[in-house]
Every structure is written in structure tokens, then in C-alpha cells.
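In case you want the letters, here they are:
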Amino acid sequence: MTTASAASLDPLAPTLGNAVDAFQRLLGHNADATAALATHHRVTPIHLRALLVLASRGPLPASRLGRAVGLSSGAVTPLVDRLERYGHAERRPALADRRSVVVTALPTGLDIAADLRTYFAAVFIQAFGDDLGQVVDTLTALDEALETEVATW
């Protein structure tokens, strides 16, 4: 059994700093890929992120969509306006609360989100082949830990 102190003496052992640096590089490359695909589809990266959220989670109240993509409540309405104007999503009054609206991706918006998913699927296949179980477990654990940590801020 290797202890943490023994592992830290191994100059080839990954360090916490290496993990954080690799994660930051991954986020940067993800932002670059997302920006390139957004440009290809003539939308903004935030527009594309909103379509991805809607494609993966289904219809959402506008406020939850805004939180999911990191927008303030005041910035959500212009985003939803653009999504509707481009024919990528629609809004309808929420059944439970008429003061809020639910945003649903339309087929053209879902097609754009599918294009990004196809791109990333190819990246995952290139990096990991068919052995995706460990990747899914790792990414899920990171997502859950980050969600828990952010909730404490």
C-alpha cells in the first residue's frame, strides 16, 4: 500500500497541482471548441451552452436555465429572446406559476446541440476508445464534488 507521503516522494507521481493544471487546460480547450462550434453555427457560446442544457435536461424555467449557464436573472430574458428569434427555442407560460416561463429547445436548436455532442463523442473515442466507464465515473465524481463545493460558497 502506497501512502500519500510515499507517493509525494515519487517525482513521477501526479500531484494535486498537476491535476488542477490539467483540469484548467481541459476547461480552456472546452471553451475553445465551444467557441469554434458556436461560430460555425452563427450563435454565441452562451447561446450554445443554453442549447446544450436544454437538450440534456429538457424544458426548464428561464431562471433555472440562466443559473445553469451562469447568467444573472436580468441577462436571461435577452438570451431567451435570441433563442426564439433564431428559431432555436420557444418559451411558454409555466403551468404552475404564470409569472415565469418555461424554455424548450426546438428541432433546430437540438440539431446544434447534437452537433456539439457528436464532436465531443469523437474526442472521447479518440482519447479513450470504448473504455468509457472510468471516464464517466471520474467526470461524474468531479461534477458532484464541484456542485457540492459551489453550494457552500
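Draft legend 1. Main features of the overall build of the protein. Tallying secondary structure elements over the protein gives 7 helices and 3 strands in all. Overall, the protein shows an N-to-C arrangement of helices and strands of α-α-α-β-α-α-β-β-α-α. Taken against the 2.2 N^0.38 rule, which gives 15 Å for 153 residues, the C-alpha radius of gyration of the protein at 19 Å runs more than 25% over that of a compact globule. Summarising its shape, the C-alpha atoms of the protein cover approximately 60 × 35 × 25 Å along the three principal directions.

Draft legend 2. Seen up close, the side chain of Thr-34. Along the polypeptide, Thr-34 turns up in helix 2 (residues 16-40). What makes Thr-34 buried here is its relative accessible area of 7%. Among residues more than four places away in sequence, those in contact with Thr-34 are Pro-45 and Leu-48.

Draft legend 3. Looking closely at the packing of helix 3 (residues 45-57) against helix 4 (residues 62-69). Where helix 3 contacts helix 4, the two axes come as close as 10 Å, and the packing angle between them is 120 degrees. In this structure, the crossing between helix 3 and helix 4 has a hand that is right-handed. In contact with Ile-46, Arg-49, Ala-50, Val-53, Leu-54 and Arg-57 of helix 3, helix 4 contributes Leu-65, Ala-68 and Val-69. Grouping the constituent residues of the contact of helix 3 with helix 4 by class yields 7 nonpolar, no polar and 2 charged.

Draft legend 4. Highlighting the sheet that holds strand 3 (residues 101-105). As summarised here, the arrangement of the 3 strands in space is 1-3-2, forming an open sheet in which the pairing is antiparallel. In this open sheet, the two strands that pair with only one neighbour each are strand 1 (60-61) and strand 2 (89-93). The pairing of strand 2 with strand 3 spans 5 bridges and is classified as antiparallel. Counterpart to Pro-93 in the pairing with strand 3 is Val-101.

The rules behind the values
Residues numbered from 1 in each chain as written. Predicted model: local features only at pLDDT ≥ 70, side-chain atom pairs only at ≥ 80, totals over all residues. Heavy atoms only, no water. Helix = DSSP H or I, 4+ residues; strand = E, 2+ residues; numbered from the N terminus. Rg over C-alpha atoms; globule rule 2.2 N^0.38 Å. Buried < 20%, exposed > 50% of the residue type's maximum accessible area, 1.4 Å probe, protein only. Contact = heavy atoms within 4.5 Å. Axes fitted to C-alpha atoms, helices over the stretch in contact; angles between N-to-C directions. Left-handed = near helix turned anticlockwise from the far one by under 90°. Nonpolar A, V, L, I, M, F, W, Y, C, P; charged D, E, K, R; others polar. Pairing = 2+ DSSP bridges.

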